[in-house]
Amino acid sequence: MPSLRPLEWPVFRQLRTGDRFGRGPAVQSAQTRDMAPRTADADKVVQSVCPFCAVGCGQKVYVKDGRVIQIEGDPDSPISRGRLCPKGASSEQLVNNPMRQTTIRYRAPYATDWTDLDLDTAIDMIADRFVESRRRTWQDTDEQGRILRRTMGIASLGGATLDNEENYLIKKLFTAAGAIQIENQARI
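Residues numbered from 1 in each chain as written. Predicted model: local features only at pLDDT ≥ 70, side-chain atom pairs only at ≥ 80, totals over all residues. Heavy atoms only, no water.

Going by what an unreviewed UniProt entry lists, the chain is known as Dehydrogenase and is assigned to Gordonia polyisoprenivorans. Here the chain is described in UniProt, under the heading Subcellular location (unreviewed entry), as follows: "Cell envelope". The UniProt entry for the chain carries the following comment under Sequence similarities (unreviewed entry): "Belongs to the prokaryotic molybdopterin-containing oxidoreductase family." (UniProt positions renumbered as here; feature names shortened; annotations may be inferred.)

Dropping the structure here:
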């Protein structure tokens, strides 16, 4: 580290700059003055919601070259007012983790290996199984002739990361399909 000339000592800088208490620019090193936050050169800032729980804390996602470089609390959010819990503050690691699964994996019954599926194939498989299970387990009436119009072969267990709107739509979908076993992790 290069040595400072006497006129560059913090006490002289305090006197020269008027920083009487030595809490401002007089005590900053050249390295500190040259530093900039990593968010300063972001291409864009996108508002988002933390994915970890149903509180809905606001986040600002900083993107550079199509990659997330930082995630911070959104001070404009009426819910979190710029604050994030430890899990929310680690959202950037969730997005950029090299171990993150980015493909749809499927293991056929009795198979020992996983295979990758494209999104359309996976959605078609899920829809086919949903419809078949509903058809196979549909109960129109009970033994005494009372109207049931339900299926016991389909159930839904929602997660706490879903917001109210998503839970509302899931409830409508499964109720319309005749499912009566609709639950959410937040109640368990």
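## Considering the pattern of salt bridges
For the coordinates displayed, the defined rule picks out 4 salt bridges. Across the pair aspartate 41 and lysine 64 runs a salt bridge, and its minimum N-O distance is 2.8 Å. Pair noted here: aspartate 41 is in the loop between α2 (30–34) and β1 (44–49) and lysine 64 is in strand β2 (residues 58–64), with a separation of 23 residues, a long-range link. The class for lysine 64 is partly exposed, based on a relative accessible area of 28%. Arginine 146 is the salt-bridge partner of aspartate 142, the closest N and O atoms lying 2.7 Å from each other. Judged by relative accessible area, aspartate 142 falls into the buried class, the value being 15%. (Salt bridge = Lys/Arg side-chain N within 4 Å of Asp/Glu carboxyl O. Helix = DSSP H or I, 4+ residues; strand = E, 2+ residues; numbered from the N terminus. Buried < 20%, exposed > 50% of the residue type's maximum accessible area, 1.4 Å probe, protein only.)

## Focus: the UniProt feature "domain: 4Fe-4S Mo/W bis-MGD-type" (unreviewed entry) in the chain
When the UniProt feature table is mapped onto this chain, "domain: 4Fe-4S Mo/W bis-MGD-type" (unreviewed entry) is found at residues 43–99. The straight-line gap between the two end C-alpha atoms of residues 43–99 is 25 Å; of that span, 18% is helix and 35% is strand.

## Remarks on the sheet that holds strand β3 (residues 67–73)
Read from one edge to the other, the open sheet built from 3 strands follows the order β1-β2-β3, with strand pairing classed as antiparallel. Of all the strands in the sheet, the pair left with one neighbour each is β1 and β3. Each adjacent strand pair in this sheet contributes to an overall mean axis angle of 30°, direction not counted. By the bridge criterion, 6 bridges tie β1 to β2 in an arrangement that is antiparallel. Its bridge partner lying in β2, lysine 44 is registered against valine 63. (Pairing = 2+ DSSP bridges. Axes fitted to C-alpha atoms, helices over the stretch in contact; angles between N-to-C directions.)

## So, the domain arrangement of the chain
Think of interface size as the accessible area that goes away when the parts come together; that is how it is often given. Domain boundaries assigned for the chain yield domain 1 (1–34), domain 2 (42–94) and domain 3 (103–185). When each unit is reduced to the centre of its C-alpha atoms, the spacing between domain 1 and domain 3 is 66 Å. (Domains from an automatic or database assignment.)

## Some thoughts on the state of the cysteines
Linking two cysteines covalently via their sulfur atoms produces the bond known as a disulfide. Under the definition given, this model contains 0 disulfides. Considering cysteine sulfurs only, cysteine 50 is the nearest to cysteine 85, which forms no disulfide, with 5.7 Å between them. Given a relative accessible area of 41%, cysteine 85 falls into the partly exposed group. (Disulfide = S-S within 2.5 Å.)

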